[in-house]
Amino acid sequence: MISRRTFLSILFASCVAILSWLNFTPVANALGGKLPAINQPAPEFTLPTNTGNGTISLSELRGKWVVLYFYPKDFTSGCTIEARRFQQDLPKYIEKNTQIIGVSADDVDSHAEFCDSEGLKFPLLADTTGAVSKAYGSWIGAVSMRHSFIIDPEGILRENFVKVNPNVHSAEVLARLEELQRI
């Protein structure tokens, strides 16, 4: 017999997969709302995390590239695969002066448990009110959508990804990051 948590995780992942499969993602808008404009300043944020001094702000990361990825829920299958791929590629991102940051509505304690269980060495931010997810067009109901953004060292949004396949997403982001860094 499966646990209630496992059942709810499977149910939630199935709903997200169905919505993605139905292709509810127009160009300027995503299912979660209006996306911030490319080549404009990325929406500023400060959120709690289970690492460092307890919070991370986008402004603190000036001088580095940032991959900001939003995901629905810790411990769900797609979110776990996506996080594992980013962790696997983390040395490549570090070589490219890039900070990976994950964001979901889960709280700091859930993030700490998720990082510990998956060996994640990059921060996960707790957007429990959805304010930052909303600013990035990545909020639906009570969870963040699976969207990612590349932000340059000056804080300018350079790319967004709204049709994310967790299995190959990190490789896609790395390829686009390399292109952007050559420009």
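Residues numbered from 1 in each chain as written. Predicted model: local features only at pLDDT ≥ 70, side-chain atom pairs only at ≥ 80, totals over all residues. Heavy atoms only, no water.

Participant: Any chance you could explain the pattern of salt bridges here in plain terms?
Facilitator: Note on pairing: side chains with opposite charge can pair once their charged atoms come close. In total, this model carries 8 salt bridges according to the counting rule given. With its nearest N and O atoms 3.8 Å apart, the salt bridge here joins Lys 92 to Asp 89. Within this pair, Lys 92 and its partner Asp 89 are both found in helix H2 (residues 77-95), separated by 3 residues, close to a single helical turn. Here Glu 179 ties to Arg 176 by a salt bridge, and the two come within 2.9 Å at their closest N and O atoms. Taken together, the positions of Glu 179 and Arg 176, both in helix H5 (residues 169-182) and 3 residues apart, correspond to about one turn of that helix. Looking at Glu 179, the relative accessible area reads 36%, which means it is partly exposed. We classify Arg 176 as partly exposed; its relative accessible area is 22%. Linked by salt bridges that have partners in common, Glu 159, Arg 176 and Glu 179 make up one network. (Salt bridge = Lys/Arg side-chain N within 4 Å of Asp/Glu carboxyl O. Helix = DSSP H or I, 4+ residues; strand = E, 2+ residues; numbered from the N terminus. Buried < 20%, exposed > 50% of the residue type's maximum accessible area, 1.4 Å probe, protein only.)

Participant: Explain the packing of aromatic side chains here, please?
Facilitator: A full pass over the atoms with the stated rule returns 10 aromatic pairs. Measuring from ring centre to ring centre gives 6.1 Å for Tyr 69 and Phe 122, while their planes differ by 65°; the resulting arrangement is edge-to-face. On the criterion of sequence distance, the pair formed by Tyr 69 in strand E5 (residues 65-70) and Phe 122 in the loop between helix H3 (108-118) and strand E7 (124-126) is long-range, its members being 53 residues apart. Phe 122 sits in the buried class, given a relative accessible area of 1%. A network of ring pairs unites the aromatic residues Tyr 69, Tyr 71, Phe 75, Phe 86, Tyr 93, Phe 114 and Phe 122 as a single cluster. (Phe/Tyr/Trp six-rings, centres within 6.5 Å; stacked < 30°, edge-to-face > 60°.)

Participant: Help me understand a negative patch on the surface, please; the structure alone is not making it clear to me.
Facilitator: A contiguous patch of negative charge on the surface is contributed by Asp 107, Asp 109, Glu 113 and Asp 116. Counting through the fold element by element, Asp 116 comes out in helix H3. (Patch = residues over 30% accessible without salt bridge, like charges linked within 9 Å, V, L, I, M, F, W, Y side chains within 5 Å. Areas by Shrake-Rupley, 256 points an atom, 1.4 Å probe, with all protein chains shown as cover. Lys, Arg positive; Asp, Glu negative; His and termini not counted. Charge placed at Lys NZ, Arg CZ, Asp CG, Glu CD.)

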